[in-house]
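# Residue-level structural notes
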Amino acid sequence: MSQPSPELPRPAGPLRVQPAASLAPQPEPLVPLAQPDAAPPPDLHYDLAACRELMRGGSKSFFAASRLLPVRLRAPATALYAFCRLADDAIDLGADPHAAMRDLQQRLDAIYTGRPGSVDADRALAQVVHRYGIPRALLDALLDGFVWDAQGRRYDTLEDLECYGARVAGTVGAMMALIMGTQDATALARACELGVAMQLTNIARDIGEDAKNGRLYIPRAWFRDLGLDADRWLAAPQFDERVACFTRRLLERADVLYQRGEAGISSLPWDCRPAIQAARLVYAEIGKQLIRDGLNSVNQRTVVSKRRKLVLIARATAVVVNPPHSLPRSLAPLPAIAFLVDAVADAHGVAGAHGSWRVPQRSFDERVEWMVDLFGRLEKQQRVPRQIP
């Protein structure tokens with residue numbers, strides 16, 4: 001039986017939460033988001049096991065990969081997944097997605113002011129966003145993607161589809177990167193692109209299942225290029241060589257983004273790399289298995305065997321993952337995910353997706369204080385006698 005994960009670490013920012021269990025050694029804290037109007041809430045207790053069950057009952061691949069995360073990060077990763085899962089269900093399965101969205105926005109308001117309600121996932125997420133400085137814009141974008149699903153949004157081009165993938169999966173990549181301690185714009189871009197790659201793989205695998213629910217994610221321009229009516233096909237989905245071609249194109253694009261995403265794994269802390277590499281290998285294997293199944297995801301749903309998953313996970317954990325830097329750091333991020341990288345840059349004052357250096361906005365008094373402090377430190381350094389070798 002696996003040991004229970006520890007509670008989330010004490011936040012470094014305005015939240016003052018007493019953990020319910022002893023803590024593992026702490027990583028160097030990130031600078032939290034500024035919350036000037038947030039009052040320290042009372043101790044927030046929540047059931048981490050309830051959050052973990054949501055993960056276990058959802059994505060089996062994500063759950064398996066999460067077990068490879070260092071112990072200190074399993075609780076925040078579980079908390080993040082639990083909220084995302086509940087939010088998706090609330091919007092997708094509820095009678096009124098707009099009402100569900102308004103409720104979730106209010107819950108995020110409470111979370112970001114340090115006063116979450118009684119829902120375990122909300123109370124856990126409140127600790128995560130303050131501890132790791134997760135910008136509200138990332139969660140807002142995620143919710144937008146869920147609403148796009150509920151509204152039956154149409155995707156005309158591959159670029160449109162990647163904008164959807166950026167919201168429902170790229171956001172998760174960015175938030176996980178922050179939890180792991182990564183704020184570098186290039187690494188964040190690669191994490192977001194890895195999320196989009198996984199989403200494209202899911203779309204390729206679930207063409208038939210989505211069609212049964214009246215949803216079509218294959219770019220409609222692809223149908224028009226072949227003289228097909230997308231809505232007519234959706235009303236009576238059939239598998240043929242043309243649909244196989246669509247599926248192959250999705251997987252080929254996913255492979256490009258998997259390569260970009262893998263190049264960013266070496267920017268992660270070494271003990272986080274096996275988990276992300278395992279997720280990358282397992283999701284990519286779905287596409288490979290789909291090819292072996294003849295690219296027919298209309299009449300069947302491709303599944304990677306448990307044995308094969310275990311082999312891939314073992315491969316990811318056999319060595320410290322350090323992929324070669326085959327991509328230049330100057331490689332521009334996928335346009336669909338650039339706004340996510342910039343959201344982190346705005347929150348943390350680091351280089352943005354377009355190369356400009358983002359600095360926190362300071363008042364005149366703060367700038368003067370900073371300059372006085374800088375000159376004081378420089379003067380002190382000049383007074384220190386140099387050591388002669």
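What you are looking at is a predicted structure, and each value in this text was computed from that prediction instead of being measured. (Residues numbered from 1 in each chain as written. Predicted model: local features only at pLDDT ≥ 70, side-chain atom pairs only at ≥ 80, totals over all residues. Heavy atoms only, no water.)

### As for the overall build of the protein chain
Helix and strand content of the protein chain: 16 helices and zero strands. Burial statistics for the protein chain: of 389 residues in total, 52% are counted as buried. Just so you have it, the protein chain exposes about 19,100 Å², and 54% of that area is on carbon and sulfur atoms. (Helix = DSSP H or I, 4+ residues; strand = E, 2+ residues; numbered from the N terminus. Buried < 20%, exposed > 50% of the residue type's maximum accessible area, 1.4 Å probe, protein only. Areas by Shrake-Rupley, 256 points an atom, 1.4 Å probe, with all protein chains shown as cover.)

### Some words on the pattern of salt bridges
The full count for this structure, using the stated rule, is 20 salt bridges. Between D156 and R224 there is a salt bridge, with its nearest N and O atoms 2.8 Å apart. In this pair, D156 sits in the loop between α6 (136–151) and α7 (158–179) while R224 sits in helix α10 (residues 220–225), placing the two residues 68 residues apart along the sequence. Across the salt bridge formed by D240 and R242, the nearest N and O atoms sit 2.9 Å from each other. Residue D240 is classed as partly exposed on the basis of its relative accessible area of 23%. Among the residues examined, R242 registers a relative accessible area of 38% and is labelled partly exposed. Linked by salt bridges that have partners in common, R205, D206, E209 and R301 make up one network. (Salt bridge = Lys/Arg side-chain N within 4 Å of Asp/Glu carboxyl O.)

### Points about the packing of aromatic side chains
Counted according to the given criterion, the structure contains seven aromatic pairs. With 5.9 Å between their ring centres and 20 degrees between their planes, Y155 and Y217 make a pair best called stacked. Of the two residues, Y155 sits in the loop between α6 and α7 while Y217 sits in the loop between α9 (207–212) and α10, which places them 62 residues apart along the sequence. Owing to a relative accessible area of 1%, Y155 belongs among the buried residues under this scheme. (Phe/Tyr/Trp six-rings, centres within 6.5 Å; stacked < 30°, edge-to-face > 60°.)

### A short note on the confidence of the model for the protein chain
With 69% of its residues at a pLDDT of 70 or more, the protein chain has an overall mean of 79. When the criterion is pLDDT under 50, residues 1–43 qualifies, and its contacts beyond four places in sequence or with other chains add up to 90 contacts. Here residues 356–368 is modelled with pLDDT under 50, and outside its nearest four sequence neighbours on either side it reaches 15 contacts, counting other chains as well. (pLDDT = per-residue confidence, 0-100. Contact = heavy atoms within 4.5 Å.)

### Things to note about unusual backbone geometry
Although it is not a glycine, L295 sits at a positive phi angle of roughly 60 degrees. Along the chain, L295 turns up in the loop between α13 (273–292) and α14 (306–318).

### A short note on the packing of α13 against α14
Where α13 contacts α14, the two axes come as close as 8 Å, and the packing angle between them is 145 degrees. Crossing of α13 over α14 shows right-handed handedness. Within the contact between the two elements, α13 uses P274, Q277, A278, L281, V282 and E285 and α14 uses R308, K309, L312, I313, R315, A316 and T317. Among the residues forming the contact of α13 with α14, the class breakdown is seven nonpolar, two polar and four charged. (Axes fitted to C-alpha atoms, helices over the stretch in contact; angles between N-to-C directions. Left-handed = near helix turned anticlockwise from the far one by under 90°. Nonpolar A, V, L, I, M, F, W, Y, C, P; charged D, E, K, R; others polar.)

### Things to note about α6
Its 16 residues place the ends of α6 23 Å apart at the C-alpha level, agreeing with the 22 Å of an ideal helix rising 1.5 Å per residue. Looking at the buried positions of α6, the neighbouring elements they touch are α3 (71–93), α4 (97–112), α5 (120–132), α7 and α15 (338–348). Directly after α6, the chain includes G152, whose backbone phi takes a positive value near 70 degrees. (Expected span 1.5 Å × (residues − 1).)

### Looking at the environment of A166
Position of A166 relative to the elements: it lies in helix α7. Relative accessible area serves as the criterion here: at 0%, A166 is assigned to the buried category. On a C-alpha basis, the gap between A166 and E193 in space is 7.8 Å, while along the polypeptide they are 27 residues apart. The contact partners of A166, leaving out residues within four places of it in the chain, are T171, V196, A336, I337, F339 and L340.

### Some words on the side chain of T171
Its location among the elements puts T171 in helix α7. The class for T171 is buried, based on a relative accessible area of 0%.

### A word on the packing of α3 against α4
Two numbers describe how α3 lies on α4: the axes approach to 8 Å, and their chain directions differ by 155 degrees. Considering their axes alone, α3 and α4 lie roughly antiparallel with respect to each other. Between α3, through F83, A87, A90 and I91, and α4, the contact on the second element is made entirely by P97, A100, M101, L104, R107, L108 and I111. Class assignment of the residues belonging to the contact of α3 with α4 gives a composition of ten nonpolar, no polar and one charged. (Parallel < 35°, antiparallel > 145°, perpendicular 65-115°, else oblique.)

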